[in-house]
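Structural features, examined
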Amino acid sequence: MAVNVGPVFKANLEQLPEVGGIARIVLKTKTSGEDAGTIENKPGTGGSVRLYAYLLSLFGGEITRQAAYMGCALFAEHTEDAHKNPGNHGNIDRLLKVIQTGESLIATVENA
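Residues numbered from 1 in each chain as written. Predicted model: local features only at pLDDT ≥ 70, side-chain atom pairs only at ≥ 80, totals over all residues. Heavy atoms only, no water.

Moving on, we come to the pairing of strand E1 (residues 22–29). Within a regular strand, side chains alternate between the sheet's two faces. Of all the 8 residues making up E1, 6 are buried; the element is thus mostly covered by neighbouring parts of the structure. As judged from the 7 bridges shared by E1 and strand E4 (residues 105–111), these two strands associate in the antiparallel manner. Within the sheet, the bridge partner assigned to Ile22 lies in E4 and is Asn111. With 5 bridges joining them, E1 and strand E2 (residues 35–40) adopt antiparallel strand pairing. Within E2, the position partnered with Leu27 by the bridge is Gly37. Where E1 folds back onto E2 in an antiparallel hairpin, the turn is made up of 5 residues, including Gly33, whose phi is positive at roughly 75°. (Buried < 20%, exposed > 50% of the residue type's maximum accessible area, 1.4 Å probe, protein only. Helix = DSSP H or I, 4+ residues; strand = E, 2+ residues; numbered from the N terminus. Pairing = 2+ DSSP bridges.)

Structure representation (structure tokens):
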């Protein structure tokens, strides 16, 4: 599924497949298996679940450096804010870390 990436997160998000059946996405580093966080499908983070699920579907269940670049583009204006305010956007900060380190993340998608 092709997405026309634009400068507004909401418009980007509307193009992604629905993920109502996902309860959460659990992330671990690929090489060490270290916990890299959990994204719950609830108000405030549901958009992140939808975006990460899309990336995982495109990149074989991993958040690679390439996936992270795409995710930052899809998060649009929020990515700029994450750069200015580290810690305010944990799900974007995680993508920026993948870009910085090159350490891919693997995911377990838990259904509702």
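With that settled, consider the sheet that holds E1. Sheets are built from strands that pair by backbone hydrogen bonding, the pairs being arranged parallel or antiparallel. The strand order across the open sheet built from 4 strands is E2-E1-E4-E3, with neighbouring strands paired in antiparallel fashion. With partners counted over all chains shown, the strands left at the sheet margins are E2 and strand E3 (62–63), one partner each. Note: E3 against E4, 2 bridges, orientation antiparallel. What sits directly across from Ile63, in E4, is Leu105.

The values reported here are purely geometric and, on their own, carry no functional implication.
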